[in-house]
Amino acid sequence: MNGQYYANLLAQAREAVVQKRRGKLSRGVLFLQDNASVHTARVSRQALKDTGFSGIDHPPYSPDLAPSDYFFFSNLKKKLRGRRFVDDNQMKMAVESHFDCKEKEYFLGGLKALYTRCEKCISLEGDYIEK
């Protein structure tokens, strides 16, 4: 993946928000991403501005503070554990099905956990949060 590829993904994400969350862009979209080089590339930063999303600064990588690690993918792994897929398309459909049936409260729960985890990380002075 490179900056241009990621910039194209951001444009696709914007279009998905326009199609699936009517009016959301006018109310504002907060966008959390880590500091991976593809996210900090000039073309990626410009693409984020072009989407109209507001970027949220992310601290240096910590699995305790990455919603994809502690929430989204951990729950997805539990759901798909033990399943076998004939091809990539079947797996993609299973992943899309998993997320498509979730209500907005599901995603809000993951983001609300980020606030709590940030507070705990601060109180632990950056040490990892144990399960």
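Residues numbered from 1 in each chain as written. Predicted model: local features only at pLDDT ≥ 70, side-chain atom pairs only at ≥ 80, totals over all residues. Heavy atoms only, no water.

A.B. asks: Explain the environment of Pro63 here, please?
C.D. replies: Inspection of the secondary structure puts Pro63 in the loop between β2 (54–56) and α5 (67–80). Under the relative-accessibility criterion, Pro63 is labelled partly exposed at 31%. The spacing of Pro63 and Ile129 is 66 residues in sequence and 9.1 Å in space, taken between C-alpha atoms. In contact with Pro63, other than residues within four places in its own chain, are Asp69, Tyr70 and Tyr128. (Helix = DSSP H or I, 4+ residues; strand = E, 2+ residues; numbered from the N terminus. Buried < 20%, exposed > 50% of the residue type's maximum accessible area, 1.4 Å probe, protein only. Contact = heavy atoms within 4.5 Å.)

A.B. asks: Explain the side chain of His39 here, please?
C.D. replies: Within the secondary structure layout, His39 lies in helix α3 (residues 37–40). If sequence neighbours within four positions are ignored, His39 has contacts with Tyr6, Gln33, Asp34, Ser44 and Arg45.

A.B. asks: Help me understand the nonpolar core, please; the structure alone is not making it clear to me.
C.D. replies: Nonpolar side chains in soluble globular proteins tend to end up buried together. Counting 11 residues, the largest nonpolar core is built from Leu65, Tyr70, Phe71, Phe72, Leu76, Leu80, Ala94, Phe99, Tyr106, Leu114 and Cys121. Of all the elements in the fold, those that place two or more residues in this core are α5, α6 (88–100) and α7 (104–123). Sorting elements by how many residues they give to this core places α5 first, with 5 residues. Listed in part, the 10 residues of the second largest apolar core include Tyr6, Ala7, Leu10 and Phe31. (Core = buried A, V, L, I, M, F, W, Y, C linked by side-chain atoms within 4.5 Å.)

A.B. asks: Sorry, what's going on with the packing of helix α1 (residues 3–20) against helix α4 (residues 42–51) here?
C.D. replies: Pairs of packed helices are described in terms of their axes, by the angle between the two and the distance that separates them. Orientation of α1 relative to α4, taken along the N-to-C sense of each, is 10°, at an axis distance of 8 Å. Of the possible angle classes, the one that applies to α1 and α4 is roughly parallel. Contacts from Gly3, Gln4, Tyr6, Ala7, Leu10, Ala11 and Arg14 of α1 reach α4 at Val43, Ser44, Ala47, Leu48, Asp50 and Thr51. Taken together, the residues of the contact of α1 with α4 break down into 7 nonpolar, 4 polar and 2 charged. (Axes fitted to C-alpha atoms, helices over the stretch in contact; angles between N-to-C directions. Parallel < 35°, antiparallel > 145°, perpendicular 65-115°, else oblique. Nonpolar A, V, L, I, M, F, W, Y, C, P; charged D, E, K, R; others polar.)

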